[in-house]
Every structure is written in structure tokens, then in C-alpha cells.
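Below, each chain spelled out in residue letters.
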Amino acid sequence: MNKKTSTNFDIFMAWLIRTNPGQKEFHQAVREVAEHIFPYIEDKPVYQEMRIMERLSEPDRVISFRVCWEDKDGNININRGYRIQNNNAIGPYKGGVRFHPSVNLSILKFLAFEQTFKNSLTGLPMGGAKGGSDFNPKGKTDREVMRFCQAFMSELAAHIGHDKDVPAGDIGVGPREIGYLFGQYKRLTHEFTGVLTGKGMEYGGSHGRIEATGYGTVYFLEDMLKHQGKSPKGKTCVISGSGNVAQYACEKAIQLGAKVVTLSDSNGFIYDKDGVTQEKLEFVKELKEVKRGRISDYAKKFGAEFYQGKRPWGVPCDIALPCATQNEISGDEAKTLLKNGLIAVSEGANMPTSLEGIRTFQKAKILFAPSKAANAGGVAISGLEMSQNRARLTWKAEELQKHLRRIMTEVHSKCLKYGEEKGGHVNYLKGANIGGFKKVADAMLAYGVV
Ligand code: NDP
Ligand code: 2IT
């Protein structure tokens, strides 16, 4: 009898593409991982016989639902909601919710797949999931956003729970949306449990969660530079995005003595030659979180340059921190960054560098921190929010900052363990992929065929 085993990368990718037609972001994310896992399992037949990679890349469950809500003018709107529960081998499903018009099955499946490896790297007991909707919160009133969130949660509530699946924020889902979602869950179930993370401090949130992703991305950068005897101090830094992750990556980079010269949104980027200061950053936080305005207002307010419809990668820098969205650094943009003297990239966003971009950075052997390692700080503090909710305790802010710093160093160490190559170069992508894979795969082996 001929047994089916996963021995061949090409056969695996052909299967993946055939069974998930047209889902290009999902193919990309799986390829990025499989390229390292197949060589790693070549001499480990048990992972092949048990077809771990195939099982990891077929989500446990894909939930899709209609979301109907009434806007301020009395019109009925229909959006599509999703929750992808990718894998719960090492803990309850865990991962953010994204509200953005670009949301589709391919994007959420790539995010849920990545989340599985990222959550494993944190060392905490969390499986991988992602959810969201093609709803566009931009230009909507608070009441419209509330009605949408309530309608979304009315369906999602049946599929989540503090031991089952714990959603959180992502693009377009911040403290306001988490409040509305949590309020509706509580109303439907008559229970107060830690079913979401990223909650307000008044109702079970954790200190440090707001800052965690951005700070963690810069801590990872700091650890990579330290490994080479360098530091962020005095380095010029280009950041994309101006939302949650970008704001706190900017804050930590400034605190560590770097000079941040750009921020962006979907309309373009600002170039501030004098550098973003803490004071200017406070303006950005207010602009984005309260006024929900555009980054071009920064240029008007502080006399910086604004480049309409452009991304910031043409600005000369030592360090790039992509913190907006997937595939925002193309192969050509990666080449431009290198030509201008780039030494390190730490990905705050999920999969912001295209495959061509990654190959370009890796060929040049610069420091490249992939998202599943570099932005793991956010979900790590989410994991600690779950612990606090279970214990009905609130840990002190300083304690959480220490945990975040420690966890990012542990993630960095895992990348070194599996990614250090002959000659001392560290392939952080390989390290993160294998480091994330091992724990999940071994748990799956323990369960047998389920
Ligand atoms: P926010 O909604 O707070 O901010 C998103 C930012 O990215 C905004 O500046 C937005 O601009 C910009 N942006 C979004 N989509 C696009 C696009 N298609 N083209 C250009 N700009 C875009 O989200 P977050 O900061 O939370 O998320 C940013 C990234 O970080 C995402 O990849 C997310 O998955 C990842 N991430 C987030 C974590 C978290 O804890 N929040 C944890 C780990 C990763 P505009 O306002 O114009 O839309
Ligand atoms: O991509 C991510 O890691 C997040 N959006 C955060 C997930 C979480 O559960 O905190």
C-alpha cells in the first residue's frame, strides 16, 4: 500500500493552491512557512506521516455569516462577517478581528494561519484564529459603528467563549469597537467573562495592551541590533501607518533614541525631517483615535512634507518599521530601501513585506524580523489579559511592561535557536517558522489523528 506522506514541498503547494483557489494571500503566508518546514521535517518522518503541515493549513473551522445593520439614514446595510478558527492544539483559539473593506476569506485565512505560529512563539497557551468583516468604519458615526458591532457580535457570540475562542482588535477594531462588542456579548449571554482582549481598564482590560504590539516590535529590533553589538540610538527610522501599532512603535523608537521621520495612512505619508517628537505623537494619537482624521493634518500642523498617495519607502533610513498592512513593501521598494542604506526591518504589521521583498532583504543579509515574531507582543499581553481575567486580578503596569520585555527576548532567542546559520547570520524568518511550528506540531502528534 502506498501511504500518503508530506515529503515534497512542490506537491504540498500544488495541493494547497488547488484546494484554496484564488486565495493568494493565504498561499503566500503558507509558502513563507512551508519553505522552511519541509527541509526541517525531511529527517523527521513522524511529522510527514501524520501530515502535520497539511492539517495546520486546513483551518479547523471557517465561519461565515451575514451582518445586517441600519445606518443613520434608515438604510439597511449587509456586510459579511467571518471567524477563522485555524488551530487550537496548544490553547483556545486567539486572534484579532479586522474591519476593513478589503477583508475577504484569503486575507483572514492568512492571518489565522500566521497567528497560530505567532501565538506559539509567545510561549503562552493560545491557539490561532482571526475574524473580521468587509465593513468600513471610516466616515461612520459612533452609533452606526455600535449598531454594526452589535449585529456582528449577535452572530459571533455562538462561536466564542473564554475557553473556546477569544477575539481582540486589529485594523479598524480598537478600544471603541471592543467596548461595543463586549457590551453586546455580555447582554446576550448574561455573563461577564474575559471573552475579548484589548478591553478598557474599567472592565477587565490589561495595562500595557494598547502599547504592546508597537513596543514589542521595537524591542525585537533592539534585540536584533544588540546581537550585532548595535543599538537603535541615533538611527533614522521610517514607519508606515499611523494607527495603534505605528503610534507605539514610534513612541518606543523615540524613547530608545531613534529619529522617526515618517508616518502614513491610506492617503499618503508625512516626512518630518526634524523627527517626530513625543509632543507631535500625542497630536497623532488624538487625531487618529478621537478625531478620526487624516495624517495629512500632521503636515499642516507641523510644517512637514506630505506625499499624497505614496508609501514612505523612498525616504533614506537605517530602519524600516512597516506598521500598516500586508504586502506594503514590494520587491522594488525593498531594493530602494537597501540602496539608501537600510540595515534592519522589524514588521509591526502582519506580512507587510511581499515574497520578493523578503527575498531581496534576505539576499542582502540585513536584519529582517518577520511579523509572526516581531509583532507577537500584542497577543502576548492579550494572553496575560486572559490570565488576569481568569484570576480576577489586575496586575500592575510595571509588571506587564517587564513581562512584555521578557517575552520579546524569549521570542528573539527562539528565532536564534532555529535560525542561526553558519557564519553567524541569523535567518529570523526560518527561526520564527520552525520555532512556532515545533510546539504546535508536537501537541498535534500527542492527540493522534483528530
Ligand atoms: P489601525 O486600524 O489602528 O491602523 C491601521 C493603519 O494602517 C492606519 O494608519 C491605516 O490607514 C493604515 N492602513 C490600513 N490598511 C491600509 C491599506 N490597505 N493601505 C494603506 N494603509 C493602510 O490598525 P493596527 O495598527 O492595529 O494594525 C496595523 C497592522 O498591525 C495590521 O497589519 C495588523 O494586522 C497588525 N497587528 C496589529 C496588532 C494589534 O494589536 N492591533 C497586533 C499584531 C499585528 P487608514 O486610517 O487610512 O486606513
Ligand atoms: O495580529 C495580531 O496578533 C493581533 N491583531 C492581536 C491579536 C490578539 O488576540 O491580541
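Above this text sits the structure in question.
Here's a quick rundown of the structure. (Residues numbered from 1 in each chain as written. Chains lettered and ligands numbered in written order. Predicted model: local features only at pLDDT ≥ 70, side-chain atom pairs only at ≥ 80, totals over all residues. Heavy atoms only, no water.)

1. Quick look at empty space enclosed by the protein
Here is step 1 of the chain: Considering all chains together, one arrives at one cavity of 30 Å³ or more under this definition.
Here is step 2 of the chain: If you add up the space inside the largest cavity, you get close to 50 Å³.
Here is step 3 of the chain: Considering the residues around the largest cavity, the lining is formed by F361, Q362, I366, F368, H425, V426, N427, Y428 and L429.
Here is step 4 of the chain: Put simply, the parts of the chain that give the lining of the largest cavity at least two residues each are α13 (355–363) and α17 (428–447).
Here is step 5 of the chain: Partitioned by chemical class, the residues of the lining of the largest cavity number six nonpolar, three polar and no charged. (1 Å grid on protein atoms, 1.4 Å probe; cavity = no way out; pocket = protein on both sides within 12 Å on 5 of 7 lines; lining within 4 Å. Points joined across faces, edges and corners; volume = space filled by probe spheres on them. Helix = DSSP H or I, 4+ residues; strand = E, 2+ residues; numbered from the N terminus. Nonpolar A, V, L, I, M, F, W, Y, C, P; charged D, E, K, R; others polar.)

2. Description of the sheet that holds strand β6 (residues 236–240)
Here is step 1 of the chain: Spatially, the seven strands line up as an open sheet ordered β9-β8-β7-β6-β10-β11-β12, and their pairing is mixed. Lying at the two open borders of the sheet, with one neighbouring strand each, are β9 (305–308) and β12 (367–369). On average, each strand axis in the sheet is tilted by 15° relative to the strand beside it, whichever way the strands run.
Here is step 2 of the chain: Bridge count for β6 against strand β10 (residues 319–322) is four bridges, and the pairing is parallel. Bridge assignment links C237 to a residue of β10, and that residue is I319. (Pairing = 2+ DSSP bridges. Axes fitted to C-alpha atoms, helices over the stretch in contact; angles between N-to-C directions.)

3. A few points about the pairing of strand β2 (residues 76–87)
The side chains of a regular strand alternate between the sheet's two faces.
Here is step 1 of the chain: Where strand β1 (residues 61–70) and β2 come together, ten bridges link them in antiparallel fashion. Among the inter-strand pairings, R66 is bridged to a residue of β2, identified as R80.
Here is step 2 of the chain: Adjacent in sequence and paired antiparallel, β1 and β2 are bridged by five residues, among which G74 carries a positive phi angle near 85°.
Here is step 3 of the chain: The pairing of β2 with strand β4 (residues 128–133) spans six bridges and is antiparallel. Residue pairing across strands places Y82 opposite G132, the latter belonging to β4.

4. Let's talk about the packing of helix α2 (residues 24–41) against α13
Here is step 1 of the chain: Interaxial distance between α2 and α13 falls to 11 Å at its minimum, and their mutual angle equals 30°. As the angle between them shows, α2 and α13 are arranged roughly parallel. In this structure, α2 contributes Q28, R31, E32 and E35 to the contact, and α13 contributes L355, I358 and R359.
Here is step 2 of the chain: Tallied by class, residues from the contact of α2 with α13 come to two nonpolar, one polar and four charged. (Parallel < 35°, antiparallel > 145°, perpendicular 65-115°, else oblique. Contact = heavy atoms within 4.5 Å.)

5. Some points on the pairing of strand β7 (residues 259–265)
Here is step 1 of the chain: Within β7, six of the seven residues are buried, leaving the element largely enclosed by the surrounding structure.
Here is step 2 of the chain: Bridge count for β6 against β7 is three bridges, and the pairing is parallel. Opposite T236, over in β7, you have K259 as the bridge partner.
Here is step 3 of the chain: This β-α-β element, β6 to helix α9 (residues 244–255) to β7, shows right-handed connectivity.
Here is step 4 of the chain: Sheet analysis places β7 next to strand β8 (residues 268–271), joined by four bridges and oriented antiparallel. (Buried < 20%, exposed > 50% of the residue type's maximum accessible area, 1.4 Å probe, protein only. Right-handed = clockwise from strand over helix to strand, strands pointing away.)

6. Some remarks on α9
Here is step 1 of the chain: Across its twelve residues, α9 extends 17 Å between first and last C-alpha, which sits within 8% of the 16 Å expected from 1.5 Å per residue.
Here is step 2 of the chain: For α9, the tally of buried residues reaches nine of twelve residues, placing the bulk of the element in the interior.
Here is step 3 of the chain: In this structure, the buried residues of α9 make contact with α8 (209–227), β6, β7, α10 (278–289) and β10.
Here is step 4 of the chain: Just past α9, the residue G257 takes up positive phi, approximately 90°. (Expected span 1.5 Å × (residues − 1).)

7. Details of the packing of α9 against α10
Here is step 1 of the chain: Across the interface, α9 lies against α10 with an axial gap of 11 Å and an inter-helix angle of 170°. As judged from the angle between their axes, α9 and α10 are roughly antiparallel. Counted together, N244, Q247, Y248, C250, E251 and I254 of α9 and Q278, L281, E282, V284, K285, K288 and E289 of α10 form the full contact between these two elements.
Here is step 2 of the chain: A class-by-class count of the residues in the contact of α9 with α10 yields five nonpolar, three polar and five charged.

8. Observations regarding the site of ligand 2
Here is step 1 of the chain: Close contacts around ligand 2 come from 13 residues, with K94, K118, K130, D170 and S382 the closest.
Here is step 2 of the chain: One of the side-chain nitrogen or oxygen atoms of K94 is found 2.6 Å away from an oxygen atom of ligand 2.
Here is step 3 of the chain: At 2.9 Å from an oxygen atom of ligand 2 is found a side-chain nitrogen or oxygen belonging to K130.
Here is step 4 of the chain: Isolated, ligand 2 exposes 300 Å² of accessible area, and the fraction of that covered by the protein chains is 94%.
Here is step 5 of the chain: When residues of the shell around ligand 2 are traced back to their parent elements, those giving at least two are β3 (93–99), α5 (105–121) and α15 (376–391). (Near = heavy atom within 4 Å. Polar contact = N/O pair within 3.5 Å; in protein donor to acceptor, adjacent residues only side chain to side chain. Areas by Shrake-Rupley, 256 points an atom, 1.4 Å probe, with all protein chains shown as cover.)

9. Points about the state of the cysteines
Here is step 1 of the chain: The tally for this structure, following the rule as stated, stands at zero disulfides.
Here is step 2 of the chain: Between C250, a free cysteine, and C237, which holds the nearest cysteine sulfur, the sulfur-to-sulfur gap is 8.0 Å.
Here is step 3 of the chain: For C250, a relative accessible area of 0% puts it in the buried group.
Here is step 4 of the chain: Cysteine C317 is unpaired, with the sulfur of C237 as its nearest cysteine sulfur at 7.4 Å.
Here is step 5 of the chain: What makes C317 buried here is its relative accessible area of 4%. (Disulfide = S-S within 2.5 Å.)

10. Side note on the layout of surface pockets
Here is step 1 of the chain: What the second largest pocket holds in volume is close to 340 Å³.
Here is step 2 of the chain: What lines the second largest pocket is a set of 19 residues, and nearest its centre among them are G194, M386, Q388, N389 and R390.
Here is step 3 of the chain: Per-element tally for the lining of the second largest pocket: the top contributor is α15, with five residues.
Here is step 4 of the chain: Across the lining of the second largest pocket, the residue classes break down as six nonpolar, nine polar and four charged.

11. Comments concerning the site of ligand 1
Here is step 1 of the chain: Around ligand 1, the structure places 25 residues, and the nearest of them are D170, T213, S266, R294 and N350.
Here is step 2 of the chain: Here an oxygen atom of ligand 1 and a side-chain polar atom of T213 are 2.8 Å apart.
Here is step 3 of the chain: The side chain of R294 places a nitrogen or oxygen atom 2.4 Å from an oxygen atom of ligand 1.
Here is step 4 of the chain: If ligand 1 stood free it would expose 890 Å²; the protein chains cover 84% of that surface.
Here is step 5 of the chain: Counting only elements with at least two residues in the shell around ligand 1, the list comes to α8, α9 and β7.
Here is step 6 of the chain: Residues of the shell around ligand 1, tallied by class, amount to five nonpolar, 13 polar and seven charged.

Function-wise, these values are silent; they only describe arrangement.
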